[in-house]
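Secondary and tertiary structure notes
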Protein chains: 2
Amino acid sequence: MVMHNSRLFLLDAGEGTQFQLQRYKIRIRNLDAVFISHLHGDHVFGLPGLLTSMSIYGRTDALTVVGPPGIRQYIEFQFKLSDTQLRFALHFTELPLPPRGQLAPAFENRWLSVSCFGLKHRIDCLGYRFDEKPKLPRLDAEKAGALGIPKEYYHLLKQGNTITLADGSVVHPHQVLGQPEPPYSYAYCTDTRYLPEVVTAVQGSSVLYHEATFLHQMLKRAEETGHSTAHQAGQLAQAAGVGHLLIGHFSARYPGLQPLLDEARAVFPHTSLAQEGRVFDIPYQATEHPTPVADFNLPPNLV
Amino acid sequence: MVMHNSRLFLLDAGEGTQFQLQRYKIRIRNLDAVFISHLHGDHVFGLPGLLTSMSIYGRTDALTVVGPPGIRQYIEFQFKLSDTQLRFALHFTELPLPPRGQLAPAFENRWLSVSCFGLKHRIDCLGYRFDEKPKLPRLDAEKAGALGIPKEYYHLLKQGNTITLADGSVVHPHQVLGQPEPPYSYAYCTDTRYLPEVVTAVQGSSVLYHEATFLHQMLKRAEETGHSTAHQAGQLAQAAGVGHLLIGHFSARYPGLQPLLDEARAVFPHTSLAQEGRVFDIPYQATEHPTPVADFNLPPNLV
């Protein structure tokens, strides 16, 4: 789940997603869009139930569902069979696979642009990249106070307007404005074999999530099943110059995840494990570690 | 879940069924058939994931899926979209709705016959009735021992054969056989409005499961939504002369279930709550209470 400006974006929806969202007390009414990477069950079997429950619990706001061709039919066919009518509108965006290494537009709102790019699992798969739109410059409140500018004018100045005060004095934006905050970005790659050309698509992202199903000693198995190793995830993060790497989608064969973390960190030190219930802030400095702001107490049966 | 002679039969498969089966350590490899009542999400959204996981975990034995028309397409369409091939065969039995109050064959194995009958929710819905096939008579081991009959002959006698012992003496079945155990039965009715004609379909069943979504004070709401009240479930059990009633499918509006139990018991005293994790033995005497043989320690978040 990505949260930005209090809006929520869900990335994939395996079976039980709605129960996990309840468990972590996520305010699902703030969900604006769902992004599906591919139509394998562990990424999509939870979507019909999530949509149905949102309707039962009273959602009326439209929801956007972004995914590969077939996602609309996948949902509509099931709802037709079960004679289900949602109380809110679903807007589908079906995305053909962009040429390798290229970005194509997937979604946008006032603050964010989301692009997609091509991955390769056993079937085609979509990666997503969230980019903040350029922000307004920061206003120096001390300077503005010294010039006697009322607060109601701050926003006009930030937008580049020259203003005239009640005493007739004129204030130009450059007198009170600093640099805007840099825009941050998040890229999401699962499920996929290691593809060097993905480097260009995720270049410079503040945080990169990349699957790391296997240790590198199982490279052959990774290639056969269309997955990546922790070493490869580290390599990609390194080559793309990202700020931080999150690895996930671990094979159930690994009872402990430290070896996977160690392997990725040997190539790219700024790596963390994307485990159930962990929350990461995208940092102000793209090279900083994201900080887990909350580790939930998971029920023992889920740890 | 119904267990008979170590074989398992799943009745409906809402989202998360595979996780619940894991939680209760149910040996899913013994699952012979799944019975779906209708295609609403809370009864079927867990089926694709359950089938996929069984395949991943190595199942090769064929599985029968019984349900309303559309169940085959529901599964096959999803597997086609996600390019999923199971490692075991699925045998589908699609059942048209029998005329009200009538039974139609749905499934059988060596020990059981399963029939279906018509229910009426917001859409058509199937009820199921499991009947044991007639059993072999019981053999009185004391009498058999006194006659010097070797144990290897017991089965021949049970099957009605007359045998000659090594000393030339002849034993007829009636000398050692008593009455067979009566065949037991289990009937399952969800989701449905109250239908008096269902009495004939569930007549005399050892245990009847019937939904009881609402208290009777919400009868109007029950009728509008195609559900039953606890009072109505009790009425049906009483009229059908069943051995025991299990009520379930309670509306989330009831924080405690005792009022629902009390209401059903006021009409039909031999009633229990079908709650997550409870296990009931079908009794030797059809009029006895089923005994919960195990109450699992449910994780607090599920209670």
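These lines cover the structure that appears in this document, whether it is placed above or below. (Residues numbered from 1 in each chain as written. Chains lettered and ligands numbered in written order. Predicted model: local features only at pLDDT ≥ 70, side-chain atom pairs only at ≥ 80, totals over all residues. Heavy atoms only, no water.)

**What to know about the packing of aromatic side chains**
Using the criterion set out here, one finds 17 aromatic pairs over all chains in the structure. Ring plane angle 55° and centroid distance 6.5 Å describe the contact between phenylalanine 9 of chain A and phenylalanine 35 of chain A, whose orientation is recorded as tilted. Taken together, the residues phenylalanine 9 of chain A in strand β2 (residues 7–11) and phenylalanine 35 of chain A in strand β3 (residues 31–35) connect sequence positions 26 residues apart. The same class applies to phenylalanine 9 of chain A and to phenylalanine 35 of chain A, which are both buried. Relative to phenylalanine 77 of chain B, the ring of phenylalanine 77 of chain A lies with its centre 4.3 Å away and its plane at 35°, an arrangement referred to as tilted. Of this pair, phenylalanine 77 of chain A sits in helix α4 (residues 71–81) while phenylalanine 77 of chain B sits in helix α4 (residues 71–81), on two different chains. Under the relative-accessibility criterion, phenylalanine 77 of chain B is labelled buried at 15%. Three or more aromatic residues joined by ring pairs make a cluster, and in this case those are Phe9, Phe35, Phe107, Tyr128, Phe130 and Tyr186 of chain A. The lysine or arginine in question, arginine 59 of chain A, covers the ring of phenylalanine 88 of chain A, its NZ or CZ lying 5.4 Å from the ring centre. (Phe/Tyr/Trp six-rings, centres within 6.5 Å; stacked < 30°, edge-to-face > 60°. Helix = DSSP H or I, 4+ residues; strand = E, 2+ residues; numbered from the N terminus. Buried < 20%, exposed > 50% of the residue type's maximum accessible area, 1.4 Å probe, protein only. Lys NZ or Arg CZ within 6 Å of the ring centre and 35° of its normal.)

**Brief notes about the interface of chain A and chain B**
On the chain B side, the residues contacting the 27 residues of chain A number 27 residues. For the pair chain A and chain B, the summed buried surface comes to about 2100 Å²; carbon and sulfur atoms form 61% of the total. Among the residues of chain A in contact with chain B, Glu15, Phe45 and Phe77 of chain A are the three that bury the most area, contributing 32% of the side total. If you look at where chain A meets chain B, you find eight residue pairs in polar contact (both at pLDDT 80 or more). Residue assignment for the side of chain A that touches chain B shows that the elements contributing at least two residues are α1 (17–23), α3 (47–56) and α4 of chain A. The residue inventory of the side of chain A that touches chain B, partitioned by class, reads eleven nonpolar, 13 polar and three charged. (Contact = heavy atoms within 4.5 Å. Buried area = accessible area lost by both parts, 1.4 Å probe. Polar contact = N/O pair within 3.5 Å; in protein donor to acceptor, adjacent residues only side chain to side chain. Nonpolar A, V, L, I, M, F, W, Y, C, P; charged D, E, K, R; others polar.)

**Overview of the pairing of strand β15 (residues 244–248) of chain A**
Residues and elements named next belong to chain A. Among the five residues that make up β15, five are buried, leaving the element largely enclosed by the rest of the structure. Note: strand β14 (residues 207–211) against β15, five bridges, orientation parallel. Among the inter-strand pairings, leucine 208 is bridged to a residue of β15, identified as leucine 245. Bridge count between β15 and strand β16 (residues 271–273): three bridges; the pairing is parallel. In the sheet register, leucine 246 faces β16, and the bridge partner there is serine 272. Each parallel crossover has a hand, and for β15 linked through helix α10 (residues 258–267) to β16 it is right-handed. (Pairing = 2+ DSSP bridges. Right-handed = clockwise from strand over helix to strand, strands pointing away.)

**Focus: the sheet that holds strand β5 (residues 90–94) of chain A**
Residues and elements named next belong to chain A. Read from one edge of the open sheet, five strands run β1-β2-β3-β4-β5, paired in mixed fashion. Where the open sheet ends on each side, the last strands, each with one partner, are β1 (2–4) and β5. With direction set aside, neighbouring strand axes in the sheet form an average angle of 20°. Looking at chain direction, β2 and β3 are connected through four bridges and run parallel. Each residue of the ladder has a partner; that of leucine 11, found in β3, is phenylalanine 35. (Axes fitted to C-alpha atoms, helices over the stretch in contact; angles between N-to-C directions.)

**Observations concerning α4 of chain A**
For α4 of chain A, every residue scored as buried is listed here: Ile71, Tyr74, Ile75, Phe77, Gln78 and Phe79 of chain A. Looking at the buried positions of α4 of chain A, the neighbouring elements they touch are α2 (41–44), α3, β4 (63–67) and β5 of chain A together with α4 of chain B. Phi for aspartate 83 of chain A, located one or two positions after α4 of chain A, is positive at around 55°.

**Description of the relation of the copies chain A and chain B**
Between chain A and chain B, which share one sequence, the superposing operator has a rotation angle of 180° and an axial displacement of 0.1 Å; the RMSD is 0.2 Å. Classification of the inter-copy transformation places it as that of a two-fold axis. When C-alpha positions in chain A are compared against the rotation axis, the closest is assigned to glycine 16 of chain A, at 2.8 Å. A symmetric contact is evident, with 100% of the interface residues of chain A recurring at the interface of chain B. (Least-squares fit on C-alpha atoms with pLDDT ≥ 70 in both.)

**Description of unusual backbone geometry**
Cis peptide bonds are those with omega within 30 degrees of zero, and the linkage from threonine 190 of chain A to aspartate 191 of chain A qualifies with -20°. The residue aspartate 83 of chain A is not glycine, and still its phi comes out positive at about 55°.

**Things to note about the layout of surface pockets**
Residue and element names in this part refer to chain A. Of the pockets and cavities examined, the second largest pocket occupies roughly 350 Å³. If you go around the second largest pocket, you meet 15 residues; those closest to its centre are Ile28, Arg29, Ser53, Met54 and Tyr57. Breaking the lining of the second largest pocket down by element, the ones donating at least two residues are α1 and α3. When grouped by side-chain class, the residues that make up the lining of the second largest pocket number six nonpolar, five polar and four charged. (1 Å grid on protein atoms, 1.4 Å probe; cavity = no way out; pocket = protein on both sides within 12 Å on 5 of 7 lines; lining within 4 Å. Points joined across faces, edges and corners; volume = space filled by probe spheres on them.)

**Brief notes about the pattern of salt bridges**
Per the stated rule, a full pass over the model turns up 20 salt bridges over all chains. Glutamate 224 of chain A is the salt-bridge partner of arginine 221 of chain A, the closest N and O atoms lying 4.0 Å from each other. Here arginine 221 of chain A pairs with glutamate 224 of chain A, and both are found in helix α8 (residues 219–225), just three residues apart, close to one helical turn. For arginine 72 of chain B, the salt bridge is made with glutamate 76 of chain B, and the minimal N-O distance between the two is 3.0 Å. Of this pair, arginine 72 of chain B and glutamate 76 of chain B both sit in helix α4, four residues apart, which is roughly one turn of that helix. (Salt bridge = Lys/Arg side-chain N within 4 Å of Asp/Glu carboxyl O.)

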